[in-house]
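The lines below spell out each chain.
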Amino acid sequence: MAVAFVPAWPSADNFPLALVAATLLLGYLLFEVGFFYHYHWHLVPRANQLAAGPPAPYRDYSIRERGQLLIRIIDRLIEHMPCGGSKIAEEDAIADHVYKFIESWFQRKNENSPYEQFSEEFDLATLDVGLCPPPPKMIRMAWSSVGGNVSSAADEISDDSGESLVMDGEEGNRIANGPVVQNAQPTDDRIRKGNMDQFLAWAFFGVTFAAVQSDPAMQKALDNLYITLQNRTGLSFEEGTNPNYRPRSFTFEHVQSLYRPYGVYAGVALMRMAANCTLFALGFRQYSCQRGLRYWHRPATQQQSTPFLFFHGIAPGGHAPYLPMLFLILRGQLSYKTRDVFLFENTPISYALCFDALSEEDTVHGVLEAMHRHLGSTSAANNLTLCGHSMGSCSLTWMIRCPEIKRRVRSVILLDPVSIMLSEPDVVVNFLYTRRDLADPYVGSRNSWFCKIIRVFNETKIHLVASSEMFIEFYLRRSFSWYNSELWLEDIPPDVKTVVCVAEHDEIVNATKIEREIDLHNAKVTKKPCHGASVDKIIWRDVGHAHCVMNPERWRDVHLAMAEVESHIQRDLMRTKAQ
């Protein structure tokens, strides 16, 4: 006997609930569709707008002093070279080493083509977006002739004749990097003076070469840079422009982001809200400064020790992922109950829908305001401990370069710092472009095939989680000044206890170079204490970037290092009082 199938309809009891759930789901999907179009038609074009005003001032170098910055970089490059050989061979090695450094700041033609598929700019030539590969060059050239905007401000497509076509819809904001000199294909395939003009104008003046040409002072300073290169390294460059090289002037380029549903940002906001509730329950309170800096503060409830100022790195939720690490570091004799604790926020690098980035000046002003508000003129205000992770180490550079804060700092803790040797291309290339091989040319790669697999996994995770997020990219490409954020170890005052913690297989920074830089710096300090503070280092073997944020063993390492630093500070204070 056949039994007819009768569909099960919702009962009267659960029908309203199912209807409400379906309505909410439909409403959410419609909202996501609206956010998708808002993202591609409004947010991405907004992110791709280049800064209309001048770049951030070079804090430590006037226009006439830009050559001093170049000399500083060249001297460090030479220091990192192995010694030995005849004088002529050594001069040739220096020229070759510096040239390779310069070349690493350039992108060779088609070198990073796999990364270009991640562009989020809506392409009207193909009606594609996201993971679709870019259309053929001729299609883009044809579309650009009718007003399409399909390339970045620094994206130049050279045809077979060597002519450079700048396809950009914002010519009023930026002038193109000057005309490309017509010449035959370079036989030695080396960087030429036209390429260097573009690179040096961006790196040492923050503008295009056309802007440098229009300013006599900058043009003279640029000419002096070539003289410095010739005198210090023996390098000179042929006239013309090699179309196979393009400088990685990332602040002139469009963002290279991946779309994320609004639900992702909402989930991060909930995580941030949970972290804020936790902080509030532990006695922290949130404050805002006059210029926009926000922070959490908890006053000391017992005998006051060194105040602790923390600056987070690029992370979903800002300080939220760091709370377990911070509370386990600040325990025992380092308890957060015995010291004022400040947690400063940097919203644009926290997975928030925020284009408003604070400048160095506003951030420093906010930190000073927080110190005056909560510490006043107490003795604790002159015994600060600064701690920063990854991108937060750049904020520590700003603090150390501020005279009013610098004289109050007693210890600095740097975790996975990107600020050390920032003029090297490793951090920028590894985070914003395709990864380059970081095997040290003098040491060789120490990675096994298994480590390389783990590294690729971690690199992919960093790209998907952090470096491809639009507001993070906007912050780095529009609001980040590398020349004011690099931390030179010799700039740290001699009486400041400094600890640098680096992961051996860091996917962003070059741990081998940083370890050697610390060793060379300590050797100079041993000979002449005026070269700065001695730096203690912790090298975490066989781990990658941000491993310290989630690993309790790494928390213990940092806790012990801070306890030793604290004991040194207390002994110094007792010795000072005795005198």
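What comes next concerns the included structure. (Residues numbered from 1 in each chain as written. Predicted model: local features only at pLDDT ≥ 70, side-chain atom pairs only at ≥ 80, totals over all residues. Heavy atoms only, no water.)

**Points about unusual backbone geometry**
As a reminder of what qualifies: Under the DSSP-based scheme used, a helix requires at least four consecutive residues in state H or I and a strand at least two consecutive residues in state E, with every element numbered from the N terminus. Only protein chains enter the accessibility calculation, which uses a 1.4 Å probe; a residue whose area is less than 20% of its type maximum is buried, one above 50% is exposed, and one in between is partly exposed.
With a phi angle near 60°, Tyr-351 is a residue other than glycine that sits in the positive phi range. Relative to the assigned elements, Tyr-351 resides in the loop between strand 8 (341-344) and helix 10 (360-374). Judged by its relative accessible area of 6%, Tyr-351 falls in the buried class. You will see that Asp-542, though not glycine, has its phi angle at about 60°, which is positive. Along the polypeptide, Asp-542 turns up in the loop between strand 12 (535-540) and helix 18 (547-550). Given the relative accessible area of 57%, Asp-542 is considered exposed.

**Regarding the pairing of strand 9 (residues 384-389)**
Selection criterion: What makes two strands pair is DSSP finding at least two bridges between them.
With respect to burial, strand 9 is a largely interior element, 6 of its 6 residues being buried. Of the two faces of strand 9, the one holding Leu-384, Leu-386 and Gly-388 and the one holding Thr-385, Cys-387 and His-389 are both buried throughout. The sheet contact formed by strand 7 (residues 308-311) and strand 9 spans 4 bridges and is parallel. Looking at strand 9, one finds that Phe-311 is bridged to Gly-388. One ladder, built from 6 bridges, connects strand 9 with strand 10 (residues 409-415); its direction is parallel. Looking at the pairing, Leu-384 lines up with Val-409 of strand 10.

**Some details on the sheet that holds strand 5 (residues 285-288)**
This is how the line gets drawn: Angles run from 0 to 180 degrees between N-to-C directions of axes, and those axes are lines fitted to C-alpha atoms, restricted for helices to the stretch in contact. We call two residues in contact whenever any of their non-hydrogen atoms come within 4.5 Å of each other.
Taken together, the 8 strands give an open sheet; going across it, the order is 5-6-8-7-9-10-11-12, and neighbouring strands pair in mixed fashion. At either end of the open sheet lies a strand with only one pairing partner, and these are strand 5 and strand 12. Neighbour-to-neighbour, the strand axes of this sheet turn through a mean angle of 20°, independent of strand direction. Its contacts with the sheet put helix 11 (residues 392-401) on strand 7, strand 9 and strand 10, and the angle it makes with strand 9 is roughly 145°.

**Description of the state of the cysteines**
Where we set the bar: Note on terminology: disulfide denotes any pair of cysteine sulfur atoms within 2.5 Å.
Per the counting criterion, the structure on display carries 0 disulfides. Cysteine Cys-501 shares no disulfide, and the gap to the nearest cysteine sulfur, in Cys-548, comes to 7.4 Å.

**Thoughts on the nonpolar core**
Which entries qualify depends on this criterion: Nonpolar core, defined: a set of buried Ala, Val, Leu, Ile, Met, Phe, Trp, Tyr and Cys residues in which side-chain atoms within 4.5 Å join the residues together.
Judged by nonpolar contacts, the single largest core of 113 residues is most densely connected at Ile-102, Met-196 and Ile-405. In terms of residue count, the dominant contributor to this core is helix 5 (residues 193-205) (8 residues). Leave out the neighbours within four places in its chain, and Met-196 touches Ile-102, Phe-106, Ile-191, Ala-201, Tyr-226, Leu-229 and Phe-237. Within the second largest apolar cluster, 37 residues are counted, among which are Phe-284, Trp-296, Leu-334 and Tyr-336.

**Focus: helix 2 (residues 66-79)**
This is how it is decided: Residue count minus one, scaled by 1.5 Å, sets the expected span of a helix.
Between its first and last C-alpha atoms helix 2 spans 20 Å; for 14 residues at 1.5 Å apiece the expected length is 20 Å, and the two agree. Buried within helix 2 are the following residues: Arg-66, Gly-67, Leu-69, Leu-70, Ile-73, Ile-74, Arg-76 and Leu-77.

**Topic: the packing of aromatic side chains**
The criterion, for reference: The aromatic pairing rule takes the rings of Phe, Tyr and Trp, using the six-membered ring of Trp, and pairs them if the centres are within 6.5 Å, calling planes under 30 degrees apart stacked, those over 60 edge-to-face and the rest tilted. The criterion for a charge sitting over a ring is simple: Lys NZ or Arg CZ within 6 Å of the ring centre, and within 35 degrees of the ring normal.
Counted under the stated rule, the structure contains 28 aromatic pairs. A ring pair is formed by Tyr-265 and Phe-471, whose centres lie 6.2 Å apart and whose planes are at 90°; its orientation type is edge-to-face. Pair noted here: Tyr-265 is in helix 8 (residues 262-281) and Phe-471 is in helix 15 (residues 470-478), with a separation of 206 residues, a long-range link. The burial state of Tyr-265 is the same as that of Phe-471; both residues are buried. The rings of Phe-31, Phe-35, Phe-36, Tyr-37, Tyr-39, Tyr-259, Tyr-262, Tyr-265, Tyr-351, Phe-355, Phe-471 and Phe-474 are connected pair by pair, giving a single aromatic cluster. One Lys or Arg, Arg-46, reaches over the ring of Phe-355 and ends 4.7 Å from the middle of that ring. The ring of Tyr-433 has Arg-248 sitting right over it, with the charged end atom 5.0 Å from the ring centre.

None of this, on its own, says anything about what the molecule does.
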